[in-house]
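Residue-level listing of the chains:
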Amino acid sequence: MEPVRPETSLTRVLEPGSARRLEQGLGFTTVQQLLDHFPRTYSPHNALTGFSGLREGEYATFIARVDSTSLRRLHNRRTEVLDVTVRDISGEELNLGFFGGRQFQRQLREGAVAVFQGKVRIFRGEPTLTNPSFDVLTGPHGQDEPASTDPEVGEVLPLYPATAKTTSMFIHRCVRLVLDQVDFSTWLDPVPEAVAEQESLPSLGEAYEMVHRPATMEQPELGLRRFRFSEALLLHGLMERRRRLAGELQGVPAPARTGGLLEAFDAQLPFELTEGQRSCGELIAADLAGQHPMNRLLQGEVGSGKTLVALRAMLQVVDAGAQAVLVAPTEVLAAQHLRSLRKALGPLADQTRTGLLAESGSPGPVKLTLLTGSLSAAERRQALLDIASCEAGIVIGTHAVLGEKVQFAQLGLVVIDEQHRFGVSQRNALRERYTPTPHMLVMSATPIPRSVAMTAFGDLELTVLHGLPAGRSRIETHVVPTVLGPRWSERVWERVAEEASAGRQVFVVCPRISSQDRSQEQIQRQLRDRFGFTDDAAAVSFTTARPEGKVVWVDFRREQAVEHLTNDASVEALARHFAEHPALSKLRTGTLHGQMPAAEAAEVMGAFESGDLQVLIATTVIEVGVDVPAASLMVILDADAFGVSTLHQLRGRIGRGRTESNQCLLVTRLPTEHPSAQRLTEVAEHTDGMQLALLDLQRRREGDVLGAAQSGTASTLRLLRIVDDAEIIEVAAAHIRRLTDSDPQWQSAPALWRAVEAWRLEHTGAEDYVHQS
């Protein structure tokens, strides 16, 4: 008889009805799919679990004891409903409702313990389940229920993610039937035997048994560690193959040239490079001089000088007779880069002469060309001509430079700014069109923990730019909870007026351009998330602690909460507020957002940089690439609407001058005990971006970390947790490196080679969104 393999159909190992149920409920058709559906948690048999994690709309599975039951008839007198109150391990109550309830009365007697599963909904402000499926584990006096208790369930009960028609207990029975028919010695095991022995990992079959049929509460973690290690090994195997392929490509050698533009630029710098800028520059310069294309990730804190490092790399490439392109995610940022590069280059930047070498051999002025989607037809034609003729030495652009019609004469270096806004296919679009392959420098101002860098950017050489340039001032960050009273909001605007009157400048950041940017659905969601309102709730109360330690009860009615939310924090509304405010109307104020024409946005930004404007009301278009030394105050309205990384980036826009007092105010309308308000407190307490990144990773879903939110797909990594499994990630990477160094073709690990290829083919597009970290 043919052995049961991963691809074996479930119809061969299960009854047709069970196989059909699994396919309809979970989409499973093969043995591998079912066995890789791991329990979400475990419970000692007959032990109660908790209700604390129940969320509206989810299918929940829990073990609870029946506290009381009552049978009632509905108004039509024909339908009976059994109301069941159950208690969890902490004694918390939950109400369940069963239509046609008499048939359930015998099983759900007071004192019975059962596994319940169903969809959570909110009724009168409380979670409840209607007609959940259940399996009784013990009867009312502790005795087993022979009709519904499975005697093969051991001392540990796995609880699986399930649906209405495929319950946890049903899945568990199917898994056990399949396990009994599989000989795992016939399965492909990607973990080499020597590696498994060295890391004390169970075999593949043992790991599946530990996960699905554990004998003790400790066994599931032992089995899961084996699968996490396998996943890390496959991912690093894929990254190693990418690195190997990149290493075989022919690059554009660009060795540093004596007497060139780079040397002239360094000579005119009015300051000394930081040690970090110097060391990173040396690494990049060596890469650029090589025969193979550079593929490097430059990561540094906000304001660490990454753009300067990138400019020096671009000048080295121009010195070698090639071109460089800097790709930014938005037109506003691209225009800001153009202004800042021209300012930094000074006389070395020229818009009319060649971007390469002058005829005398002395460094000629480099031509900077902007290419964005909003250029006029004539401007676009000229820009394309400059690029194709090599007249443009450095090109700054948006996604527009990735188009097929853009043809570089000799592209030597691609610099990607704000890498998290680009997918792998976009990052590689330019490189794949040219032979030899251009060098690539990917920049990130978002701190990337080592485990993330190794997982999501394993094919890139990571370079960390340490230190900040001299002159950066300390920034104090404060959370402003306006829910505590109008005086808190008034003080924010007083601070704006004070800073402007003192000759300094202020950023005010809004989450929206106009009030029309928010739909009724978004307002409903915010009512629920911020204040706990549901459609059935008329009012909600919460406590909040004032600074002096007093606890105050705040009671919001739904109408008040709606007014609270729609008190608009948009750019347009705030501009009107400034115009009507007695003190704020005297300030020179401008607005900036991504929907403005490029010329108008450039004019506004130029006016703010020159000091003509005292206050800039903007969206997050000013998140990166803005350097205004006189800016000393950053006000972020509805700060809870932004992620930790964005808040940290925005804060980095101030403190760039010699002003000692710099403040970032995180204004929120949330109650102080709300989870998102706690996140703001973390931002206020930590100025270290890496610490903030780790805290954020621990809070976020794994799919978001690996880019599922951007791609709209489930994460490729099912079990690996970037923060929790950092040690596994590093150990797996070390094994892949050792294997490749000793056996470049992996002839000693053919199963791993085949598994990596199968994993790559199975997850079509995985390489794209695994990198969108």
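Residues numbered from 1 in each chain as written. Predicted model: local features only at pLDDT ≥ 70, side-chain atom pairs only at ≥ 80, totals over all residues. Heavy atoms only, no water.

S.K.: Before we go on, may I ask you to explain the nonpolar core in this structure?
M.R.: Most often, soluble globular proteins have nonpolar side chains that are buried together. Within the largest apolar cluster, 41 residues are counted, with the highest numbers of intra-cluster contacts made by Met 314, Leu 315, Ile 394, Leu 413 and Leu 441. Of all the secondary structure elements, the ones that give two or more residues to this core are α9 (261-268), α10 (275-288), α11 (306-319), β10 (323-327), α12 (331-345), β12 (394-397), β13 (411-416) and β14 (439-444). If one sorts the elements of this core by residue count, α11 sits on top with nine residues. When near neighbours in sequence (up to four residues on either side) are disregarded, Ile 394 contacts Leu 311, Met 314, Leu 315, Val 318, Ala 324, Val 366, Lys 367, Leu 368 and Thr 369. Counting residues in hydrophobic clusters, the runner-up holds 32 residues, among them Val 509, Ala 601, Leu 613 and Val 683. (Core = buried A, V, L, I, M, F, W, Y, C linked by side-chain atoms within 4.5 Å. Buried < 20%, exposed > 50% of the residue type's maximum accessible area, 1.4 Å probe, protein only. Helix = DSSP H or I, 4+ residues; strand = E, 2+ residues; numbered from the N terminus. Contact = heavy atoms within 4.5 Å.)

S.K.: Which parts of the structure should I look at to understand the sheet that holds strand β20 (residues 589-592)?
M.R.: The strands making up a sheet associate through hydrogen bonds between their backbones, and the pairing can be parallel or antiparallel. One open sheet holds the six strands; their spatial order is β16-β23-β22-β17-β21-β20, and the pairing between them is parallel. Two strands close off the open sheet at either side, each with one partner strand: β16 (475-481) and β20. The sheet shows a mean angle of 15° between the axes of neighbouring strands, direction not considered. Two strands pair when backbone bridges link them, and β20 and strand β21 (residues 615-618) are joined in this way by four bridges, in the parallel orientation. Across the sheet, residue Gly 590 finds its bridge partner in β21, namely Leu 616. Of the strands in this sheet, β16, β17 (505-509), β22 (631-636) and β23 (662-668) touch helix α21 (residues 644-651), which is tilted by about 155° from β22. (Pairing = 2+ DSSP bridges. Axes fitted to C-alpha atoms, helices over the stretch in contact; angles between N-to-C directions.)

S.K.: Sorry, what's going on with helix α16 (residues 486-501) here?
M.R.: Since the α-helix packs 3.6 residues into each turn, any two residues three or four apart lie on the same face. Compared with an ideal rise of 1.5 Å per residue, which puts 16 residues at 22 Å, α16 spans 23 Å between its outermost C-alpha atoms and is within 8% of the ideal. Along α16, the positions that sit buried rather than exposed are Val 492, Trp 493, Arg 495, Val 496, Ala 497, Glu 499 and Ala 500. Tucked into the core, α16 has its buried residues touching β16, β17, α19 (571-580), β21, β22 and β23. Positive backbone phi, at 90°, marks Gly 503, one or two positions downstream of α16. (Expected span 1.5 Å × (residues − 1).)

S.K.: Would you mind going over the sheet that holds β13 with me for this structure?
M.R.: If you trace the seven strands from one edge of the open sheet to the other, you get β11-β12-β10-β13-β14-β9-β15, paired in parallel fashion. The outermost strands of the open sheet, each flanked by one partner alone, are β11 (368-371) and β15 (461-465). Taking the axes of each pair of neighbouring strands and ignoring which way they run, one obtains an average angle of 20° across the sheet. Relative to β13, β10 is paired through five bridges, and the arrangement is parallel. Bridged to Gln 323 within β13 is Leu 411. Lying over the sheet, α11 contacts β9 (295-300), β10, β12, β13, β14 and β15, oriented at roughly 170° with respect to β13. The strands touched by α12 are β10, β11 and β12; relative to β11, the strand with the most contacts, the crossing angle is about 175°.

S.K.: Where do I start with the pairing of β11 in this structure?
M.R.: Along any regular strand, the residues point their side chains to alternate faces of the sheet. Where β11 meets β12, four bridges bridge the pair, whose relative direction is parallel. Residue pairing for β12: Leu 368 is matched across the bridge by Ile 394. Crossover connection from β11 via helix α13 (residues 377-388) to parallel β12: handedness right-handed. (Right-handed = clockwise from strand over helix to strand, strands pointing away.)

S.K.: Got a minute to help me understand the packing of α9 against α11 in this structure?
M.R.: Across the interface, α9 lies against α11 with an axial gap of 8 Å and an inter-helix angle of 145°. On α11, the residues that touch Leu 261, Leu 262, Phe 265 and Asp 266 of α9 are Leu 308, Leu 311, Arg 312, Leu 315, Gln 316, Val 318 and Asp 319. Within the contact of α9 with α11, the residues separate by chemical class into seven nonpolar, one polar and three charged. (Nonpolar A, V, L, I, M, F, W, Y, C, P; charged D, E, K, R; others polar.)

S.K.: How should I be thinking about the packing of α10 against α11 in this particular structure?
M.R.: How two helices sit against one another is set out by the angle between their axes and by the gap between those axes. Running from N to C, α10 and α11 point in directions that differ by 30°, and their axes come no closer than 10 Å. Regarding the angle of α10 to α11, the classification is roughly parallel. Of the two possible hands of crossing, α10 and α11 adopt the one that is right-handed. On α11, the residues touching Gln 277, Gly 281, Ile 284, Ala 285 and Leu 288 of α10 are Leu 308, Val 309, Arg 312, Ala 313, Gln 316 and Val 317. For the contact of α10 with α11, the class distribution of residues is seven nonpolar, three polar and one charged. (Parallel < 35°, antiparallel > 145°, perpendicular 65-115°, else oblique. Left-handed = near helix turned anticlockwise from the far one by under 90°.)

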